[in-house]
Amino acid sequence: NIQTLPSVLPIIVLTLFLSAPPGMVQKLDQKLPVANEYLLLSGGVREGVVDLDLDELNVYARGTDYDMDFTLLVPALKLHDRNQPVTLDMRHSALCHSWLSLRLFDEGTISKWKDCCTIVDHINGATNYFFSPTKVADWFYDSISIVLSEIQKKPQRGMPKVEKVEKNGTIISIILGVGSSRMLYDIVPVVSFKGWPAVAQSWLMENHFWDGKITEEEVISGFYLVPACSYKGKKDNEWRLSFARSEVQLKKCISSSLMQAYQACKAIIIKLLSRPKAISPYHLRSMMLWACDRLPANYLAQEDYAAHFLLGLIDDLQHCLVNKMCPNYFIPQCNMLEHLSEETVMLHARKLSSVRSDPAEHLRTAIEHVKAANRLTLELQRRGSTTSIPSPQSDGGDPNQPDDRLAKKLQQLVTENPGKSISVFINPDDVTRPHFRIDDKFF
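All figures in this text were calculated on a predicted structure; none of them were measured in a lab.

J.: So what about the packing of helix 7 (residues 256–272) against helix 10 (residues 306–322)? Which residues, and what values?
T.: Relative placement of two packed helices is described by the angle separating their axes and the distance separating the axes. One way to put it is that helix 7 packs onto helix 10 with a least axis distance of 8 Å and a crossing angle of 50°. Comparing their axes, helix 10 and helix 7 come out oblique. Note that helix 7 runs across helix 10; the crossing there is right-handed. Seen from helix 7, the contacting residues are Ser257, Leu258, Gln260, Ala261, Tyr262, Ala264, Cys265 and Ile269; seen from helix 10, they are Ala306, Phe309, Leu310, Leu313, Ile314 and Leu317. Looking at the contact of helix 7 with helix 10, its residues break down into 12 nonpolar, 2 polar and no charged.

J.: Break down the packing of aromatic side chains for me, citing the residues and quoting the values.
T.: Across all of its chains, the model carries 20 aromatic pairs by this definition. Arranged with centres 5.0 Å apart and planes meeting at 75°, the rings of tryptophan 113 and tryptophan 139 form a pair that is edge-to-face. Of this pair, tryptophan 113 sits in helix 3 (residues 107–113) while tryptophan 139 is found in helix 4 (residues 133–153), placing the two residues 26 residues apart along the sequence. The same class applies to tryptophan 113 as to tryptophan 139, namely buried. The interplanar angle of 70° and the centroid separation of 5.4 Å between the aromatic rings of tyrosine 299 and tyrosine 305 together place this pair among those described as edge-to-face. Take tyrosine 299: its relative accessible area is 28%, and that puts it in the partly exposed class. Judged by its relative accessible area of 25%, tyrosine 305 falls in the partly exposed class. An aromatic cluster of at least three residues, connected via ring pairs, comprises Phe193, Trp196, Trp203, Trp210, Phe223, Phe243, Trp290, Tyr329 and Phe330. Taking the ring centre of tryptophan 113 as reference, the NZ or CZ of lysine 31 above it sits at 5.6 Å.

J.: Quick rundown of the packing of helix 7 against helix 8 (residues 281–294)? Include the residues and the values.
T.: Contact geometry for helix 7 and helix 8: axes closest at 10 Å, N-to-C directions at 150°. Put simply, helix 7 runs roughly antiparallel to helix 8. In this structure, helix 7 crosses over helix 8, and the sense of that crossing is right-handed. Note on element contacts: helix 8 touches helix 7 through Pro281, Leu284, Arg285, Met288 and Cys292, opposite Leu258, Met259, Tyr262, Cys265, Lys266, Ile269 and Ile270. Broken down by class, the residue content of the contact of helix 7 with helix 8 amounts to 10 nonpolar, no polar and 2 charged.

J.: Could you give me a rundown of the environment of phenylalanine 209, with the residues and numbers involved?
T.: With respect to the helices, strands and loops of the structure, phenylalanine 209 is situated in the loop between strand 8 (181–194) and helix 5 (216–219). When the C-alpha positions of phenylalanine 209 and tryptophan 290 are compared, they lie 9.1 Å apart, and in sequence the two are 81 residues distant. For phenylalanine 209, the residues in contact, after removing those within four places along its chain, are Leu250, Cys253, Ile254, Leu289, Cys292, Asp293 and Tyr329.

Calculation criteria
Residues numbered from 1 in each chain as written. Predicted model: local features only at pLDDT ≥ 70, side-chain atom pairs only at ≥ 80, totals over all residues. Heavy atoms only, no water. Axes fitted to C-alpha atoms, helices over the stretch in contact; angles between N-to-C directions. Helix = DSSP H or I, 4+ residues; strand = E, 2+ residues; numbered from the N terminus. Parallel < 35°, antiparallel > 145°, perpendicular 65-115°, else oblique. Left-handed = near helix turned anticlockwise from the far one by under 90°. Contact = heavy atoms within 4.5 Å. Nonpolar A, V, L, I, M, F, W, Y, C, P; charged D, E, K, R; others polar. Phe/Tyr/Trp six-rings, centres within 6.5 Å; stacked < 30°, edge-to-face > 60°. Buried < 20%, exposed > 50% of the residue type's maximum accessible area, 1.4 Å probe, protein only. Lys NZ or Arg CZ within 6 Å of the ring centre and 35° of its normal.

Structure follows, in C-alpha cells:
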C-alpha cells in the first residue's frame, strides 16, 4: 500500500512504471481488465509480503543488487460483481488453494484466455477451461518483455532505466535504475475478487484483536488468487488464496513496538532458517497476528516492550516448528508447516535454540549486515554520482508533462493522508489519466 513507502522517490518511479507497462500490456491483446487496480506492497516477495514461497526465486542482496524493493499485484482477471461469499473449486487442491474454472466468467473472457488455460473434457462432452497460473505467468512475462523492449528502443526523458528483467517461477522481477538508486519490483499476476471466500467465512465469526478498531467491511473488502501451488498440488492448475489486501488493513491495528519486534525477528531468522527451506517471513507474520488475537490489548500496547515481544515471537516460532503446526490466520484449518520432515524441523529448532540463548548477539549481527549493505549502497551511489543517468526528481524537461504532474499529485496525496489506504487505478485506454481511491473516496 502506497502510504507505507519510505520516501516519495518510489512513488515517482511507481507512477512512471504504472503508467507504461501494464497499460501497454493491455493494448497488446486486450487480455487485462480495461480498468484495473494495482496493489503496491512495500517489500519484495522475498520479504514475505505475500504468501508465495517459490523455489525458483533468485537470491538478491540489498545493497549489491537493489536499494529498495516492492511487490506489485496486477490482476489478470477480476470478479467484482458478487455480493455472496465466493465459492471456489477446491475439490482437486489442498486447503488455502484452488483451481479456477472460467465458467465463472462470460464467453468473451473465456475466448480471450483460452490459450492460458488447461482443458478438461467431461464425459458428457462439455469442456472446462481452468485458468493456469504457469501459463498466465508465461504470457505476462512475454508481454512485459515486449513492452519493456519497446520502451528501451525509444527511451523518454525521466523514465527509469530497466537494468534487469527476469522470470522467477510465476513472478517477474524487474530492477529499475533511477539516478543512482535501484528499485526491485516483483510483479505478480493475480486474480482479484471483491468480497470474501466461503472457505474463510467461519473466521469472521470469531473474536479478533481488530474488532472495534476497523470495520469488518474494511477487512473483507477483497482477496486474491496468487500463482503458487501446494507442495503436492498440480503446478499448472493450482492457485493460492492471498489476503494481502486484508493484511494491509490489519497492520493499522498492530502497535509500533510489536512491529519493531517483528522486523527484528525477521532480520534474524530470514537467512538463518533459509536452508533447507522451511520458515518464511510470511509464517512469522501469521504467528504475529495469532499473538495479537491471543494476548491482552493493553499488554501489546506497551511502548517499551519490544524486547519482550521479540523473545515471544522467537518462542512462538520454536513452538510452531517443534509441533509442525502454523495455522493460516484466515483459514485456521490450513496448517502451513505440516509438510516439513522431522529432520528439517529438528535442524531449525536447534538453530532457533542458539538464537534464544543469546538473541542480542544475533540481533547485533543482523544489524551489522544491514549497516554493511547501507555502506555498500552509499559507496555505489557515490561512484555513480558522476554518471548521466536521468532522474525523475531532477528532470529538466517540460514541467507540464503528465508524469511530472502525476508524481506531484501522488506526493500530495500521501502527505495529506497519513495512515490511509491509497490505491492507484490505471485506465489502459488513457494511461495519462489514472485516478485514486483514498479509503472509500474516489478522486
